[in-house]
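Examining the three-dimensional arrangement
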Amino acid sequence: MIWLTQQTFDRLEAELENRRGPLRAEIVERISAARDEGDLKENGGYHAAKDEQGTNEARIRQLEELLKDGTTEPSADDQTVSAGKLVTYRYAGDDDESFLLGAREIADDRDDVEVYSPQSPLGAALDGHKVGETVDFEQPNGKVAKIEIVSAVPFTG
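Our subject in this report is the structure included herewith. Quantities reported herein were computed from a predicted structural model and do not represent experimental measurements.

**Description of the sheet that holds strand β3 (residues 85-91)**
Strands sit in the order β5-β4-β3-β7-β6 across an open sheet of 5 strands; the sheet is mixed. Each of the sheet's edge strands pairs with one partner strand only, and the pair in question is β5 (115-116) and β6 (134-138).

Here it is in structure tokens:
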């Protein structure tokens, strides 16, 4: 299951609708016009439109999967780090930091909070742990840091 904010879910649905409808029709029209020009071997417009068609169809499949597997249901308020939670943590001796654990597509709609996916190194290290626990986190430089989970509350923004 992929957790999305309602705003992100709506934006992705609108993008899918545009890609299936107007954008797809526009690309087909450009391919048709380029075909009418004749020799396709040296027709840059035709090849560019075909490439764009492939990119559009791939994005349509990606959006369909995201929306099929996506949920906007609020997370349980169970003090456990999981998708849909605003997580506050601290490295030993440092200030508190926060992030939203959810699909990376949310980051396009949020500039007020960092967004990490459950597959990101930090998200994966903390996912499933409870408030008050200290977790070993292997940093990109290979050093292991201790991270204390301060809070994990359902995101309501």
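**A word on the pairing of β6**
Two faces belong to every sheet, and in a regular strand the side chains alternate between them. Along β6, the buried face is formed by Val135 and Phe137; none of Thr134, Asp136 and Glu138, which line the opposite face, is buried. Where β6 lies against strand β7 (residues 144-154), 5 bridges are found, and the strand directions are antiparallel. Residue pairing across strands places Thr134 opposite Glu148, the latter belonging to β7. Following β6, the chain reverses through 5 residues before pairing antiparallel with β7; Gly142 in that reversal takes a positive phi of roughly 95 degrees.

**Points about the packing of aromatic side chains**
By the definition in use, this model includes 4 aromatic pairs. When the centroid spacing of 6.4 Å and the interplanar angle of 90 degrees are considered together, the rings of Trp3 and Phe155 count as edge-to-face. Here Trp3 is found in strand β1 (residues 2-3), whereas its partner Phe155 is found in the segment after β7, with 152 residues between them in sequence. Classification of Trp3 as buried rests on a relative accessible area of 7%. Seen from their ring centres, Phe99 and Tyr116 are 4.9 Å apart, and the 80 degrees between their planes marks the pair as edge-to-face. Of this pair, Phe99 sits in strand β4 (residues 97-101) while Tyr116 sits in strand β5, placing them 17 residues apart in sequence. The class for Tyr116 is partly exposed, based on a relative accessible area of 27%. Aromatic rings pair up to connect Tyr89, Tyr91, Phe99 and Tyr116 into one cluster.

**Topic: the environment of Ser98**
Within the secondary structure, Ser98 sits in strand β4. Note on Ser98: relative accessible area 37%, which makes it partly exposed. Through-space distance from the C-alpha of Ser98 to that of Glu15 is 29 Å; in sequence the pair is 83 residues apart. Not counting chain neighbours up to four residues away, the residues in contact with Ser98 comprise Leu86, Val87, Thr88, Tyr89 and Glu114. Here the side chain of Ser98 touches Thr88 through a polar contact of 2.9 Å, side chain to side chain.

Scoring rules and cut-offs
- Residues numbered from 1 in each chain as written.
- Predicted model: local features only at pLDDT ≥ 70, side-chain atom pairs only at ≥ 80, totals over all residues.
- Heavy atoms only, no water.
- Pairing = 2+ DSSP bridges.
- Helix = DSSP H or I, 4+ residues; strand = E, 2+ residues; numbered from the N terminus.
- Buried < 20%, exposed > 50% of the residue type's maximum accessible area, 1.4 Å probe, protein only.
- Phe/Tyr/Trp six-rings, centres within 6.5 Å; stacked < 30°, edge-to-face > 60°.
- Contact = heavy atoms within 4.5 Å.
- Polar contact = N/O pair within 3.5 Å; in protein donor to acceptor, adjacent residues only side chain to side chain.

Just geometry here; none of it tells us what the structure is for.
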